[in-house]
Amino acid sequence: LNLKYASKFMKKNIFVIATGRSYEDFFNVANKVKCNYLVLNHGATIIKDNKVIKNITISDDLIQELKQIIDFEHLNYFASQAINSRVDINAKDITKINISCPSNLDAEKSVEYINKNYKGKLKAYILFHKNQMEIIPFNVDKSFAIEYIRKLENISLDDVYTVGDGYTDLNMIKNYNGYAIFNSVDDILTAACKKVKSVSEIFKYLDVDFEYLTNKLQITKFVNECFDYKDYFEQYMAKIYGNHSFDNFKHLAITKNNDIIALGLLVPNEIIVDSNRLSVLTIGSICVNKKYRKQGYFKLLMKEINKISTNYDLAVLSGNLKMYNKYGYYPNILNLFKVKSKNNNIEFRVMDGSSNNECLKIYNESLVHSIRSDDLFKEIAVQWKSEAYYIYKDNVFKGYLIYNTKLDYVSEIKTEDEIKVLESFAYFKKLNYVNVRVLNCDYKLLEKFHDYENSMMYNRELFKINNIKKVLKVFMGYKHKLKKLELGVMNIKINDEIFKITVDKNIKITDGNKSDMELTNEQAMNIFLNKKISNNKLLNSWFYIDLDMYNNDLV
């Protein structure tokens, strides 16, 4: 079964066998097995098309040292080269030494001795046959070989899957999407993301297709079943499943044998920040078929979506932080203010589409906004249990307001006198007060709420910044124009890339050299989006960058 699925897998993917066995030992037991790459001697030897493309040996000096401390003449041992599996300890280009010790305890002590006294030079392992140990060069293991192949083939780190059972497999299980055979050693079982009975389980899991679905009835039926919405999903997502819009958006699906396993909605948009444009992929409707849940398909879908998202400056979705944080999505701060009820004789009329052009004009006058069309303005405004109203005073149109009934706050307001309108809206809804959300980047409106009770909480809007240079330059430039940032220069290293940020009359973000601060991607995103650093004057002034979007521009 493993051979059958491996053969099928290799038609679209790369299949690597990584083993501690030497060349002849491997083909003595697996001469029928086909693979794209063969990794032997615990990673020291890499073979493609029956040719050695990489081989790392134990230096002659180290061999001489080992001969001084190990009595090879009276031990059962063998040494291996790239191709020859059984050579004498005096041979050249040795990649591995196998020693049968008198007992398990002797093997354990010998491994401990080599790893302690030859750290940085040699590495020793105990094999499943407990009294056997093997010695290889320090700078290689199976994970090293897989990384070499990954870079050679230009494969994403997320697209590498490994499975193993023994001690020499540990690093490759930790460093990639690692699986454990059910009877593996304890360290492997602990490190693996999942236990499997055989390699074929992983082949079957990965043997899926990604395709874009176009049948609206098929899609809405699937999503309704996944979320138990009965037939309500189309109503919640009017801007997607309305009369005008469906063909403009893409539904990426994982399918197998004509069965939909998982689905995600991808809606390209733009954020316009003071005339600068950022491309953004808004993501929604992520769901997995009930019979395929807890099998890893959500992970496969998110990885594929993330690949697509790299073509955009930003990606954004709404959801649970624990679910999406591991895929690079981080929250920004949500500003909510309480406005008490008061009758100011302002009228609210249910949005019916008659004043879409006027609404769109007001919306587009904002320094920070997304792309909306007039024919879809109403559908955008009323998605996800939102109520939308035109605002009138003395029978004159004054703007619009969107109220999210599910989350119980005014999610968007565009008018001249926001406070009076909100007081009247609370009165209109027969509430003691109404919550209103103000975007982080709407500095003028935030100032009006300076003395109002503020409820600050994490938003369910989660952002993934793909183009760090561009996003920082645009949002920092906008902030600098309106609020004036501290002047200065700082080199920030994020993972392996250094960004030189210069704030003077303008914002400049270029490649840096020596870093002033080193951050992981997670630390950087948290600083950029929602956390202050109290002991750093520059960072406190520059960040967060006030990246934000209205709920109804999302999906």
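Here, the structure is the one placed above.
Keep in mind it's a predicted model, so treat the numbers as computed, not measured. (Residues numbered from 1 in each chain as written. Predicted model: local features only at pLDDT ≥ 70, side-chain atom pairs only at ≥ 80, totals over all residues. Heavy atoms only, no water.)

Enquirer: Which residues make up the packing of aromatic side chains, and what values go with them?
Expert: For the coordinates displayed, the defined rule picks out 28 aromatic pairs. On the basis of an interplanar angle of 35 degrees and a centroid distance of 6.4 Å, the ring pair of tyrosine 161 and tyrosine 179 is categorised as tilted. Of the two residues, tyrosine 161 sits in strand 9 (residues 161–164) while tyrosine 179 sits in strand 10 (residues 177–181), which places them 18 residues apart along the sequence. Aromatic ring contacts, followed pair by pair, group Tyr161, Tyr179, Tyr205, Tyr292 and Tyr297 into a single cluster. Across from the ring centre of tyrosine 212, 4.9 Å away, lies the NZ or CZ of lysine 250, which sits over that ring. Across the ring face of tyrosine 392, the terminal group of arginine 349 is positioned such that the distance to the ring centre comes to 3.7 Å. (Phe/Tyr/Trp six-rings, centres within 6.5 Å; stacked < 30°, edge-to-face > 60°. Helix = DSSP H or I, 4+ residues; strand = E, 2+ residues; numbered from the N terminus. Lys NZ or Arg CZ within 6 Å of the ring centre and 35° of its normal.)

Enquirer: Break down empty space enclosed by the protein for me, with residues and values.
Expert: Summed over the entire model, instances satisfying the criterion amount to one cavity of 30 Å³ or more. Lining the largest cavity are Ile271, Tyr363, Val368, His369, Ser370, Leu439, Asp548, Met549, Tyr550 and Asp553. Top element by residues in the lining of the largest cavity is strand 19 (residues 368–370). It accounts for three residues. (1 Å grid on protein atoms, 1.4 Å probe; cavity = no way out; pocket = protein on both sides within 12 Å on 5 of 7 lines; lining within 4 Å. Points joined across faces, edges and corners; volume = space filled by probe spheres on them.)

Enquirer: Got a sec to walk through the pairing of strand 27 (residues 507–511)? Specific residues and values, please.
Expert: Sheet topology note: the strand 26 (residues 497–503)/strand 27 ladder contains five bridges and is antiparallel. Directly across from phenylalanine 499, in strand 27, lies its bridge partner aspartate 511. Where strand 26 folds back on strand 27, the antiparallel hairpin that results is connected by three residues. (Pairing = 2+ DSSP bridges.)

Enquirer: Would you mind going over the nonpolar core in detail, with residue names and values included?
Expert: Membership of the largest hydrophobic core comes to 56 residues, with the highest contact counts inside it found for Met476, Phe528, Trp542 and Phe543. The next biggest cluster of nonpolar side chains, apart from the first, holds 42 residues, and it includes Leu38, Val196, Val208 and Leu317. (Core = buried A, V, L, I, M, F, W, Y, C linked by side-chain atoms within 4.5 Å. Buried < 20%, exposed > 50% of the residue type's maximum accessible area, 1.4 Å probe, protein only.)

Enquirer: Provide a residue-level description of the sheet that holds strand 28 (residues 517–519), including the pertinent values.
Expert: As summarised here, the arrangement of the four strands in space is 27-26-25-28, forming an open sheet in which the pairing is mixed. Because the sheet does not close on itself, it has two edges, and the strands there are strand 27 and strand 28. Strand-to-strand twist across the sheet, computed as the mean angle between neighbouring axes with direction ignored, equals 25 degrees. Helix 18 (residues 468–483) contacts strand 25 (488–494), strand 26 and strand 27 of the sheet and is inclined by roughly 160 degrees relative to strand 27. (Axes fitted to C-alpha atoms, helices over the stretch in contact; angles between N-to-C directions. Contact = heavy atoms within 4.5 Å.)

Enquirer: Report on helix 3 (residues 60–69), specifying residues and quantitative values.
Expert: All of the buried residues along helix 3 are Leu62, Ile63 and Leu66. All buried residues of helix 3 lie within an arc of 105 degrees about the axis, which places them on one face of the element. Exposed side chains of helix 3 directed beyond 90 degrees from the buried face belong to Asp61 and Gln68. Of the surrounding elements, those touching the buried residues of helix 3 are strand 6 (96–100), helix 4 (104–117) and strand 7 (122–126). (Arc of directions from axis to C-beta.)

Enquirer: Would you mind going over the sheet that holds strand 3 (residues 45–48) in detail, with residue names and values included?
Expert: A sheet is described by the order of its strands in space; here four strands give the open sequence 1-2-3-4, paired in mixed fashion. Strands at the two margins of the open sheet, each flanked by one partner only, are strand 1 (16–18) and strand 4 (51–55). Between one strand axis and the next, the sheet turns by 20 degrees as a mean value, whatever way the strands run. For strand 2 (residues 37–40) and strand 3, the ladder comprises three bridges, and the chain directions are antiparallel. Its bridge partner being in strand 3, valine 39 is matched across the sheet by isoleucine 46. Sitting on the sheet, helix 5 (residues 142–153) is in contact with strand 1, strand 2, strand 3 and strand 4, with an inclination near 155 degrees to strand 2.

Enquirer: With reference to specific residues and values, describe the pairing of strand 23 (residues 433–438).
Expert: With five of its six residues buried, strand 23 lies for the most part within the structure. Pairing analysis gives six bridges linking strand 17 (residues 330–340) to strand 23, with the strands arranged antiparallel. Looking across to strand 23, one finds that lysine 338 is bridged to asparagine 435.

Enquirer: An account of the environment of isoleucine 402 is needed here, citing residue identities and associated values.
Expert: Assignment of secondary structure puts isoleucine 402 in strand 21 (residues 396–404). Look at isoleucine 402 and you get buried, because its relative accessible area is 0%. Each C-alpha atom of the pair isoleucine 402 and alanine 381 lies 6.4 Å from the other, and the pair is 21 residues apart in sequence. Contact partners of isoleucine 402, with chain neighbours within four places excluded, come to Ala381, Ser386, Glu387, Ala388, Tyr409, Val410, Ser411, Glu412 and Asn552.

Enquirer: Mind laying out helix 9 (residues 216–227), listing which residues take part and the relevant values?
Expert: Taking 1.5 Å of rise per residue, the 12 residues of helix 9 would be expected to cover 16 Å, and the 16 Å separating its terminal C-alpha atoms lies within 8% of that figure. Considered for burial, the residues of helix 9 that qualify are Ile219, Thr220, Phe222, Val223, Asn224 and Cys226. Buried-residue contacts for helix 9 involve strand 12 (209–213), helix 10 (233–236), helix 11 (238–241), strand 13 (250–256), strand 14 (259–273) and strand 15 (276–288). A distance of 3.0 Å separates the backbone nitrogen of leucine 217 from a side-chain oxygen at the start of helix 9, and that oxygen is part of asparagine 215. Of the residues flanking the end of helix 9, it is aspartate 228, one or two places downstream, whose phi is positive at about 55 degrees. (Expected span 1.5 Å × (residues − 1). Polar contact = N/O pair within 3.5 Å; in protein donor to acceptor, adjacent residues only side chain to side chain.)

Enquirer: Tell me about the pattern of salt bridges, residues and numbers included.
Expert: The full count for this structure, using the stated rule, is 29 salt bridges. Ionic pairing is found between arginine 372 and aspartate 553, a salt bridge with its closest N-O pair at 2.8 Å. One end of the pair, arginine 372, is in the loop between strand 19 and helix 15 (377–381); the other, aspartate 553, is in the segment after helix 20 (537–542), and 181 residues separate them in sequence. Aspartate 553 shares its class with arginine 372; the two are buried. Measuring nitrogen to oxygen at the nearest pair gives 2.8 Å for the salt bridge that ties glutamate 387 to lysine 429. Remark: lysine 429 occurs in the loop between helix 16 (418–428) and strand 23 and glutamate 387 occurs in strand 20 (residues 386–393); sequence separation between them is 42 residues. Residue classification places glutamate 387 among the partly exposed residues on the basis of a relative accessible area of 26%. (Salt bridge = Lys/Arg side-chain N within 4 Å of Asp/Glu carboxyl O.)

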